Amino acid sequence: MTEYLNEVIIIGGGQAGLSTSYFLKQNGVDHLVLDKGKVGDTWRLKRWDSFCLVTQNWQCQLPGFPYKGDQPEGFMGRDEIVEYLEQYTDHFNPPIKNCCTVNKLYFDDSKSLYVVETTDGELYADNIIIASGTFQKNRIPEYAGNLSSDITQLHSSEYKNPNSLPDGGVLVVGSGQSGCQIAEDLKNAGKNVYLAIGRAPRVPRRYRGKDILQWADQIGMYDIKIDDHPEGKSLRFKAHPHLSGRDGGHTINLRKLGKEGFNLLGRITNIDGYMVFVKDDIQESLNNADEAAAKIKKSIDEYIDKHGISAPLEPPENIEWEPTETIEKLDLMKEDIKTVIWATGYRHDYSWIDIPVFDDRGYPEYERGVTNFPGLYFVGLHWMHTWGSGLFYSVGRDAEYIADQIIWKKLNNIK
């Protein structure tokens with residue numbers, strides 16, 4: 001019989017993979033973590049210079065290594081996040097193999113083992129945990145290929161700072177967290193910014209005396225299982241609400257951005273050279289964001305009233321701004337726009353996994369990370385089990401659950 005390297009191979013060395021490794025090591029389970037780069041590379045290489053988490057520092061709760069600094073209500077910047085992950089690996093010394101890319105994963109029936117083909121050769125295991133994240137590929141619309149070659153274009157994961165861009169204005173496409181934060185970064189540097197907005201919701205940074213995520217934690221939003229949520233599994237593919245952790249944290253309100261001189265547009269439908277075609281739906285998108293903010297405020301108000309909590313009342317936002325003209329075409333040359341940043345998110349790509357555990361969209365099918373293929377698990381996916389499944393704050397819960405499945409199998413001599 002072919003010898004295998006480990007009982008378990010974890011593919012991915014981010015917060016999910018490391019958290020699962022922590023529990024396996026605590027219980028003496030032989031395993032190996034594979035990371036295509038170095039610990040922290042996703043944050044180090046794919047975030048811009050001024051990037052900050054939108055979650056507060058107290059929510060950095062990786063298993064056995066909670067935040068211990070003196071700014072629990074602050075927001076870690078990019079380099080601090082990398083440092084936190086590096087300190088975590090130093091804390092429990094996981095068995096990790098860096099700079100090892102996985103090219104293919106399949107199950108060899110003749111050997112009853114999983115085969116992991118990597119840049120360092122083949123590895124074998126009884127169990128595989130996929131911790132490579134929800135979205136692996138940049139999502140850029142097809143019409144981006146119609147853009148004039150004179151215009152610099154890049155995905156938000158490639159943006160670093162305003163000085164790295166050509167002189168002239170910038171069109172940012174997408175109003176999720178990345179799009180709005182990058183647009184603010186550019187505007188603060190004096191750039192003329194156009195922001196094409198979509199249907200991303202928003203939430204206030206603070207409300208009734210607390211950070212919005214402190215309220216979210218208190219009212220149990222992190223504990224709601226996706227199967228119990230009114231919106232169900234569709235949440236896995238929706239944009240995060242936009243807000244910011246920069247400069248101590250602040251609300252991002254698209255109406256406020258419009259009032260401050262950002263050039264807001266509707267969704268882009270096509271591009272032809274320098275001409276960008278825009279849908280007349282900006283008002284609808286603004287209203288959608290407002291409704292999302294009002295909804296969470298209402299939930300907090302009801303919780304405060306139900307439990308008799310003393311909390312200061314919040315004055316109305318009173319940001320009276322409406323788009324004054326309908327822009328259906330944007331001439332990049334005329335407006336001196338030299339750069340387009342696609343803050344259009346990511347897509348999943350599991351084409352390297354040759355195992356039948358995916359739905360028609362190529363997304364894995366599982367129950368809290370446990371697939372119907374024995375010994376194959378996922379961890380760290382967005383809304384895998386709860387809102388916090390992919391976040392520093394709650395990823396440890398699912399990591400422990402997956403580790404327990406393997407530990408139980410080991411105790412019962414099940415492969």
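See the structure shown above.
Small disclaimer: the values here were computed from a predicted structure and weren't measured.

Caption draft 1: Structural context of the overall build of the protein chain. For the protein chain, the helix and strand inventory stands at eight helices and 22 strands. For a compact globule of 415 residues, the expected C-alpha radius of gyration is about 22 Å, and the protein chain comes in at 23 Å, within 12% of that figure. For the protein chain, the spread of C-alpha atoms along the principal axes amounts to about 70 × 60 × 40 Å. In the protein chain, which comprises 415 residues, the proportion classed as buried is 51%. Sequence separation of at least 24 residues holds for 70% of the intrachain contacts in the protein chain that already meet a minimum separation of 6. Accessible area of the protein chain: about 19300 Å², with a carbon and sulfur share of 46%. Averaged over its 46 positive side-chain charges, the protein chain has a centre that lies 1 Å from the centre of its 60 negative ones.

Caption draft 2: Broad picture of the layout of surface pockets. Approximately 330 Å³ is the volume attributed to the second largest pocket. Residue lining of the second largest pocket: 20 residues in total, with Leu264, Pro323, Thr324, Glu325 and Ile327 positioned closest to the centre. Breaking the lining of the second largest pocket down by element, the ones donating at least two residues are strand E15 (263–265) and helix H7 (282–307). Residue contributions to the lining of the second largest pocket peak at three residues, all from E15. Grouping the amino acids of the lining of the second largest pocket by side-chain chemistry returns nine nonpolar, six polar and five charged.

Caption draft 3: Quick look at the nonpolar core. Ile129, Leu186 and Leu195 are the most contacted members of the largest nonpolar core, which has 57 residues in total. With near-sequence residues (within four places) excluded, Leu186 lies in contact with Tyr159, Pro162, Leu165, Val170, Val172, Lys191, Val193 and Ile341. Core analysis: the next-biggest nonpolar cluster, separate from the first, contains 24 residues, Leu32, Trp352, Ile355 and Phe378 among them.

Caption draft 4: Highlighting the environment of Gly248. Structurally, Gly248 can be placed in the loop between helix H5 (212–218) and helix H6 (254–259). Sequence spacing of Gly248 and Gln56 is 192 residues, and the spatial spacing of their C-alpha atoms is 9.6 Å.

Caption draft 5: Highlighting the side chain of Gln214. Among the secondary structure elements, Gln214 is positioned in helix H5. When its relative accessible area of 18% is taken as the criterion, Gln214 is described as buried. Within the structure, Gln214 has its side chain in polar contact with the side chain of Gln56 (distance 3.5 Å). Contact partners of Gln214, with chain neighbours within four places excluded, come to Gln56, Trp58 and Glu73.

Caption draft 6: Geometry of the environment of Leu18. Looking at the secondary structure, you find Leu18 in helix H1 (residues 15–26). Classification of Leu18 as buried rests on a relative accessible area of 0%. It is 8.4 Å that separates the C-alpha atoms of Leu18 and Tyr88, two residues lying 70 residues apart in sequence. Every residue in contact with Leu18, bar those within four places of it in the chain, is listed here: Gly13, Val39, Leu85, Tyr88, Thr89, Phe92, Pro94 and Ile96.

Caption draft 7: Examining the pattern of salt bridges more closely. Evaluated as defined, the whole model comprises 26 salt bridges. Taking the shortest distance from any N to any O, the salt bridge between Lys97 and Asp120 comes out at 3.3 Å. Of this pair, Lys97 sits in strand E5 (residues 96–97) while Asp120 sits in the loop between strand E7 (113–118) and strand E8 (121–130), and the two are 23 residues apart along the sequence. Here the residues in one salt-bridge network are Arg202, Arg255, Asp290, Lys297, Glu317 and Glu322, joined through shared partners.

Caption draft 8: Region of the structure containing the sheet that holds E15. If you trace the five strands from one edge of the open sheet to the other, you get E10-E19-E11-E12-E15, paired in parallel fashion. Across the chains shown, the open sheet's two edge strands, defined by having one partner strand only, are strand E10 (152–155) and E15. Strand-to-strand, the axes of this sheet are offset by a mean angle of 20°, without reference to chain direction. Where strand E11 (residues 169–173) lies against strand E19 (residues 337–342), five bridges are found, and the strand directions are parallel. Note that in E19 the partner of Leu171 across the bridge is Val340. Sitting on the sheet, helix H4 (residues 177–188) touches E11, strand E12 (193–196) and E19, and the angle it makes with E12 is about 170°.

Caption draft 9: Representation of helix H3 (residues 78–92) within the structure. The first and last C-alpha atoms of H3 sit 22 Å apart over 15 residues, in line with the 21 Å expected at 1.5 Å per residue. All buried positions along H3 are accounted for by Arg78, Ile81, Val82, Tyr84, Leu85, Tyr88, Thr89 and Phe92. The buried residues of H3 all sit within an arc of 155° when viewed along its axis, so they share a single face. Facing away from the buried side of H3, by more than 90 degrees, are the exposed residues Asp79 and Asp90.

Caption draft 10: Seen up close, the sheet that holds strand E16 (residues 268–272). Spatially, the three strands line up as an open sheet ordered E16-E17-E18, and their pairing is antiparallel. Two strands close off the open sheet at either side, each with one partner strand: E16 and strand E18 (329–331). The mean inter-strand angle of the sheet, taken between neighbouring strand axes irrespective of direction, is 20°. Bridge analysis of strand E17 (residues 275–278) against E18 gives three bridges, and the strand direction is antiparallel. Within the sheet, the bridge partner assigned to Val276 lies in E18 and is Leu330.

Calculation rules
Just so you know, the residues in each chain are numbered from 1, in the order the chain's sequence is written. The predicted origin of the model limits local features to residues at a pLDDT of at least 70 and limits the giving and counting of side-chain atom pairs to 80 or more, whereas totals for whole chains, interfaces and linings rest on all residues. Excluded from the side-chain calculation are hydrogens and water; included are all heavy atoms of the structure. Segments assigned H or I by DSSP are reported as helices when at least four residues long, segments assigned E as strands when at least two residues long, and all are numbered from the N terminus. Computation of the radius of gyration draws on C-alpha atoms, with the globule rule given as 2.2 Å multiplied by the number of residues to the power 0.38. Burial classes follow relative accessibility: with a 1.4 Å probe on protein chains only, a residue under 20% of its type's maximum area counts as buried, one over 50% as exposed, and anything between as partly exposed. By definition, residues are in contact when any of their heavy atoms lie within 4.5 Å. Only the protein chains shown count as cover for residues, and the accessible areas themselves come from Shrake-Rupley with a 1.4 Å probe. Two residue types count as positive, namely Lys and Arg, and two as negative, namely Asp and Glu; His and chain ends fall outside the count. Positions of charges follow a simple convention, taking NZ of Lys, CZ of Arg, CG of Asp or CD of Glu. Definitions used for this entry: grid spacing 1 Å over protein atoms alone; cavity, a set of points where a 1.4 Å probe fits but cannot get out; pocket, an open set with protein on both sides within 12 Å along at least 5 of 7 lines; lining residue, one with an atom within 4 Å of a point. Grid points are joined across faces, edges and corners, and a volume is the space filled by probe spheres set on the points. When residues are sorted by character, Ala, Val, Leu, Ile, Met, Phe, Trp, Tyr, Cys and Pro go into the nonpolar class, Asp, Glu, Lys and Arg into the charged class, and all the rest, Gly among them, into the polar class. To define a nonpolar core, start from buried Ala, Val, Leu, Ile, Met, Phe, Trp, Tyr and Cys residues and group those joined through side-chain atoms within 4.5 Å. Whenever two N or O atoms come within 3.5 Å, that pair is a polar contact, provided that in protein one can donate a hydrogen and the other can accept it, and provided that, for residues adjacent in sequence, both atoms are side-chain atoms. Any Lys or Arg side-chain nitrogen found within 4 Å of a carboxyl oxygen on Asp or Glu counts as a salt bridge. At least two DSSP bridges between two strands are needed for those strands to be called paired. Throughout, an axis means a line fitted to C-alpha atoms (over the contacting stretch in the case of helices), and angles, computed between N-to-C directions, take values from 0 to 180 degrees. Every helix has an expected span of 1.5 Å times one less than the residues it contains. Note that the arc is defined by the directions from the helix axis to the C-beta atoms.

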